[in-house]
Amino acid sequence: MSEWKRIDRDVRDTLGEGTLWSARENAVYWVDIRAPALNRLSLTDGGIRRWPMPEPLGWVVERRGGGFVAGFQSGFARLTLDPVAIDPIGDPEPHLPGNRMNDGKADADGRIWCGTMDMAEEQDSGSFYRLDPDGRWTVMDTGYLVPNGPAFSPCGRWLYHTDSARRTIYRFSRTDGGGLASRQPFILFSEEEGYPDGMTVDSQGHLWIAHWGGARISRFTPEGKLDRVIPLPARQVTNITFAGPKLDRMFVTSAAFNLPESEYDGALFEVDAGVTGLPASLFAG
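Per chain, residues are indexed from 1 in the order of the written sequence. Under the rules for a predicted model, residues below a pLDDT of 70 receive no local features and side-chain atom pairs below 80 are neither given nor counted, while totals for whole chains, interfaces and linings still include all residues. Based on all heavy atoms of the structure, the side-chain values leave hydrogens and waters out of the count.

1. Observations regarding the overall build of the protein
- A run of H or I in DSSP becomes a helix once it reaches four residues, and a run of E becomes a strand once it reaches two; helices and strands are each numbered from the N terminus. Within the protein, the regular secondary structure consists of zero helices and 24 strands.
- We compute the radius of gyration from the C-alpha atoms alone; for a globule the expected value is 2.2 Å times N to the 0.38, where N is the number of residues. Compactness check: the protein gives a C-alpha radius of gyration of 17 Å against a globular reference of 19 Å for 285 residues, within 12% of the reference.
- Taken along the three principal axes of its C-alpha coordinates, the protein extends 45 × 45 × 35 Å.
- For the exposure calls, accessible area comes from a 1.4 Å probe over protein chains only, and a residue counts as buried if that area is under 20% of its type's maximum, exposed if over 50%, partly exposed in between. Within the protein, the proportion of its 285 residues that are buried is 56%.

As structure tokens, this is what we get:
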């Protein structure tokens, strides 16, 4: 195929985000935060489903025992589908009703890492959390306006996390017991490049970043040097995942938020990246 193709469907996402590869279902999940809804693309038959949700939904992560953990505006919850059932775990920010979850993933140890943000994008009231398998959460970092990512290096030594509004991707070193240390600015975006959004890491340890307002995805080396750019026809590119049994298929989400109707803004794309990704980790709780 060409470098990218648009997945044909009859809905455009207002704010597509939170891509997730499900090996056990051979499917790609992603959220539409502002609809709000959860989407699913079957790689077995190409079928697409969409489940409306009762409140803004930032991400879903599969549980080892089945079902999902989801990041809703009201906090963490267990989620099952068909029928939709939501079992709250807890709200880490009851004192910040204007905040919501934005992006999150599980690490190889079965913990979830996720960020919160002010829905109005006016206050840097967002934080970076770790949700452990026993259901307890810990604030790992604070002061975010629009958190995105996270992503993990194949060696497990590094965690990448972004404050999109500051056009900055940070790199943390990981410590024993699930801690973080030495946050450092790792990649800085220029105005022309847009804002760094969702991320993933490939099997070679390179970091792929979606460009909100930049109409592209980019690949960076483990040293933070730009390696490759793939232009896309959507202006607000939001999130990336590798998928398929060989992890050699890449899917990319986008947003139509505050844009006139178009064929590509808010679409889901498959991109020919030419590399393979890493398996999605499951929540151990």
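2. Quick notes on unusual backbone geometry
- The step from Asp82 to Pro83 runs through a cis peptide bond, and the omega angle for that step is 0 degrees.
- Note that the residue after Gly149, namely Pro150, is joined by a cis bond; omega there is -10 degrees.
- Within the secondary structure layout, Pro150 lies in strand 14 (residues 147–152).
- The phi dihedral of Asn26 is positive, around 50 degrees, even though this residue is not glycine.
- Positioned with a positive phi, Glu121 is a non-glycine residue whose angle comes to about 55 degrees.
- Relative accessible area serves as the criterion here: at 44%, Glu121 is assigned to the partly exposed category.

3. Quick word on the pattern of salt bridges
- A carboxyl oxygen of Asp or Glu within 4 Å of a side-chain nitrogen of Lys or Arg is what we treat as a salt bridge. Per the counting criterion, the structure on display carries 24 salt bridges.
- The salt bridge involving Arg24 is made with Glu62; its shortest N-O contact spans 3.0 Å. Placement of the pair is Arg24 in the loop between strand 2 (16–22) and strand 3 (27–32) and Glu62 in strand 6 (residues 57–62), with a sequence separation of 38 residues.
- Exposure remark for Glu62: the relative accessible area of 2% places this residue in the buried category.

4. Quick word on the side chain of Ser127
- In this structure, Ser127 sits in strand 12 (residues 126–131).
- On the basis of relative accessible area, Ser127 is assigned to the buried category, the value being 8%.
- In this structure, Ser127 is in contact with Glu93, Cys114, Gly115, Thr116, Val139, Asp141, Thr142 and Tyr144, ignoring residues within four places of it in sequence. Any two residues whose heavy atoms approach within 4.5 Å at even a single point are treated as in contact.

5. Observations regarding the layout of surface pockets
- The computed volume of the largest pocket comes to approximately 510 Å³.
- Sorting the residues of the lining of the largest pocket by element identifies strand 2, strand 6, strand 10 (99–106), strand 14, strand 18 (195–201) and strand 22 (237–243) as the ones contributing at least two each.
- For this scheme, ten residues count as nonpolar: Ala, Val, Leu, Ile, Met, Phe, Trp, Tyr, Cys and Pro. Four count as charged, namely Asp, Glu, Lys and Arg, and the remainder, Gly too, count as polar. When its residues are assigned to classes, the lining of the largest pocket shows 17 nonpolar, eight polar and four charged.
- Roughly 280 Å³ of volume is contained in the second largest pocket.
- Lining the second largest pocket are 17 residues, and of these Glu121, Val146, Ser164, Asp197 and Trp212 lie nearest its centre. Any residue with an atom within 4 Å of a point lines the site, the site being either a cavity, points on a 1 Å grid over the protein atoms alone where a 1.4 Å probe fits but cannot get out, or a pocket, an open set with protein on both sides within 12 Å along at least 5 of 7 lines. Grid points are joined across faces, edges and corners, and a volume is the space filled by probe spheres set on the points.

6. Quick word on the sheet that holds strand 4 (residues 37–42)
- A strand pair is defined by DSSP finding two or more bridges across the two strands. Ordered by their spatial adjacency, four strands build an open sheet running 2-3-4-5, and the pairing between neighbours is antiparallel. Across the chains shown, the open sheet's two edge strands, defined by having one partner strand only, are strand 2 and strand 5 (48–52). Looking at each pair of strands side by side, their axes are set apart by 20 degrees on average, direction ignored.
- Both strand 3 and strand 4 contribute to a ladder of six bridges, which runs antiparallel. Bridge pairing in strand 4 places Tyr29 opposite Arg40. Angles shown run from 0 to 180 degrees and are taken between the N-to-C directions of axes, each axis being a line fitted to C-alpha atoms and, for helices, limited to the stretch in contact.

7. Some thoughts on the sheet that holds strand 13 (residues 137–144)
- Read from one edge to the other, the open sheet built from four strands follows the order 10-11-12-13, with strand pairing classed as antiparallel. The open sheet has two edge strands, strand 10 and strand 13, and neither has a second partner. For this sheet, the mean angle separating the axes of adjacent strands, direction not counted, is 20 degrees.

8. Looking at the environment of Pro260
- Examined against the element boundaries, Pro260 turns out to sit in the loop between strand 23 (249–254) and strand 24 (269–271).
- For Pro260, a relative accessible area of 55% puts it in the exposed group.
- C-alpha of Pro260 to C-alpha of Arg12: the two residues are 248 residues apart in sequence and 12 Å apart in space.

9. Section: the nonpolar core
- Membership of the largest hydrophobic core comes to 17 residues, with the highest contact counts inside it found for Tyr29, Leu38, Met53, Leu57, Val60, Leu79 and Leu81.
- When contributions to this core are tallied by element, the ones reaching two or more residues are strand 3, strand 6, strand 7 (68–72) and strand 8 (75–80).
- Broken down by element, the residue count for this core peaks at three residues, all from strand 7.
- When near neighbours in sequence (up to four residues on either side) are disregarded, Met53 contacts Pro36, Ala37, Leu38, Phe72, Leu79, Leu81 and Val84. Put simply, a nonpolar core is a bunch of buried Ala, Val, Leu, Ile, Met, Phe, Trp, Tyr and Cys residues held in one set by side-chain atoms that sit within 4.5 Å of each other.

10. Focus on the environment of Gly98
- Looking at where Gly98 falls in the secondary structure, it is placed in the loop between strand 9 (85–90) and strand 10.
- Along the chain, Gly98 and Ala120 lie 22 residues apart, while their C-alpha atoms are 7.6 Å from each other.
- Beyond its immediate stretch of four places on either side in the chain, Gly98 contacts Met117, Asp118 and Met119.

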